[in-house]
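Here is what each chain is made of, one letter per residue.
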Amino acid sequence: MCGIFGVITKKESGYSNQFLKKSLITLAKLSETRGRDSSGLCSLNHQNNSFDIIKGPIPANQLLRREKVKNTLNSVFSKENDNKLKLAFGHARLVTNGTQLEDANNQPVIKDDIICIHNGIVVNVDELWKKHPSLVRENEIDTEVLPALIRMELSNGNAIETSIANTINKVFGTASIATTF
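Quick caveat, the model's predicted, so the values are computed rather than measured.

Draft legend 1. Main features of the packing of aromatic side chains. Taken as a whole and judged by the stated rule, the model has one aromatic pair. Centre to centre, the rings of Tyr 15 and Phe 19 are 5.3 Å apart; their planes meet at 20°, and the pair counts as stacked.

So, in structure tokens, the structure goes:
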């Protein structure tokens, strides 16, 4: 199974940027024992009011050495963001379906404006796509069906909590997720 890691703090957390950054890096490296086939990171970018996604077919410790990842983490955990929410979460993948050599099959997955990481396996992924023909499958990875179903539930007027619960209830297998909209 895969590994999920992350750090999310409120504005007034009181934790130092150095502590938060070190914690995220430590968690990422520890998560690598759950999967070394690929890794990815999602972080909140206050400058652009967006999320940065970095991923690749490499273990987490190698991803952390990329200059782009170092710069991203330095930005997330910078003094200029001291009074802001800090969010960075990631994934260490053990491939169960969908080759890691196609970056779209690596996590975080972005689908219908939802960013999602997933630990587990959706055994009934093909059946879920067939049961909901309005949803469009673009990749091989089973994780893609989760944000698609969540978005469908939200479009049906359900609250976020209900949408996620209804999605998880449709899944056969195991699913632990982290997601952001």
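Draft legend 2. Just the sheet that holds strand 4 (residues 86-93), in detail. Pairing within the open sheet is antiparallel, and its four strands lie in the order 1-4-2-3. Of all the strands in the sheet, just strand 1 (3-9) and strand 3 (50-56) have a single pairing partner and so form its edges. For this sheet, the mean inter-axis angle between neighbouring strands, taken without regard to orientation, is 10°. Where strand 1 meets strand 4, seven bridges bridge the pair, whose relative direction is antiparallel. Paired with Phe 5 across the strands is Gly 90, a residue of strand 4. Relative to the sheet, helix 1 (residues 17-31) contacts strand 1, strand 2 (38-45) and strand 4, its axis offset from that of strand 1 by approximately 170°. The strands that helix 3 (residues 67-76) touches are strand 2, strand 3 and strand 4; relative to strand 2, the one it contacts most, it runs at about 35°.

Draft legend 3. Quick look at the side chain of Ser 43. Of note, Ser 43 is situated in strand 2. With residues near it in sequence (within four places) discarded, Ser 43 still touches Ser 50, Phe 51, Asp 52, Thr 72, Val 76, Leu 87 and Ala 88.

Draft legend 4. Main features of the sheet that holds strand 5 (residues 109-111). Within the open sheet, the three strands sit side by side as 5-6-7. Their pairing is antiparallel. What marks the edges here is a single partner per strand, and that holds for strand 5 and strand 7 (173-180). Averaged over all adjacent pairs, the angle separating strand axes in this sheet is 40°, with direction ignored. Across three bridges, the pairing between strand 5 and strand 6 (residues 114-122) is antiparallel. Following the sheet pairing, Val 109 is matched in strand 6 by Cys 116. Sheet strands in contact with helix 5 (residues 145-155) are strand 5, strand 6 and strand 7, and its direction is about 125° off that of strand 6.

Draft legend 5. Spatial organisation of helix 1. Taking 1.5 Å as the rise per residue, helix 1 with 15 residues should run 21 Å; its terminal C-alpha atoms sit 21 Å apart, in good agreement. Within helix 1, burial applies to Asn 17, Leu 20, Ser 23, Leu 24, Ala 28 and Ser 31. One side of helix 1 holds all its buried residues, which, seen down the axis, span an arc of 130°. Turned more than 90 degrees away from the buried face of helix 1, the exposed residues are Gln 18, Lys 22 and Leu 30.

Draft legend 6. Spatial organisation of the nonpolar core. If you look at the biggest cluster of nonpolar residues, it comprises 16 residues, and the most contacted ones within it are Leu 24, Leu 41, Leu 63, Val 69, Leu 73 and Phe 77. Among the elements of the structure, strand 1, helix 1, helix 2 (60-63) and helix 3 are those that each provide at least two residues to this core. Beyond its immediate sequence surroundings of up to four residues, Leu 41 is in contact with Phe 5, Leu 24, Asp 52, Ile 53, Ile 54, Leu 63, Val 69, Leu 73, Ala 88, Phe 89, Gly 90 and Pro 108. Counting residues in each nonpolar core, the second largest holds 12 residues, with Val 125, Val 145, Leu 146 and Val 171 among its members.

Draft legend 7. Inspection of unusual backbone geometry at higher detail. Following Gln 107, the chain continues to Pro 108 via a peptide bond in cis, the omega torsion being 10°. Summarising the element assignment, Pro 108 is placed in the loop between strand 4 and strand 5. One non-glycine residue with positive phi stands out, namely Asn 49, at about 50°. With a phi close to 55°, Asp 112 is a non-glycine residue in the positive phi region. Within the secondary structure, Asp 112 sits in the loop between strand 5 and strand 6. Residue classification places Asp 112 among the partly exposed residues on the basis of a relative accessible area of 37%.

Scoring rules and cut-offs
- Residues numbered from 1 in each chain as written.
- Predicted model: local features only at pLDDT ≥ 70, side-chain atom pairs only at ≥ 80, totals over all residues.
- Heavy atoms only, no water.
- Phe/Tyr/Trp six-rings, centres within 6.5 Å; stacked < 30°, edge-to-face > 60°.
- Pairing = 2+ DSSP bridges.
- Helix = DSSP H or I, 4+ residues; strand = E, 2+ residues; numbered from the N terminus.
- Axes fitted to C-alpha atoms, helices over the stretch in contact; angles between N-to-C directions.
- Contact = heavy atoms within 4.5 Å.
- Expected span 1.5 Å × (residues − 1).
- Buried < 20%, exposed > 50% of the residue type's maximum accessible area, 1.4 Å probe, protein only.
- Arc of directions from axis to C-beta.
- Core = buried A, V, L, I, M, F, W, Y, C linked by side-chain atoms within 4.5 Å.

Just geometry here; none of it tells us what the structure is for.
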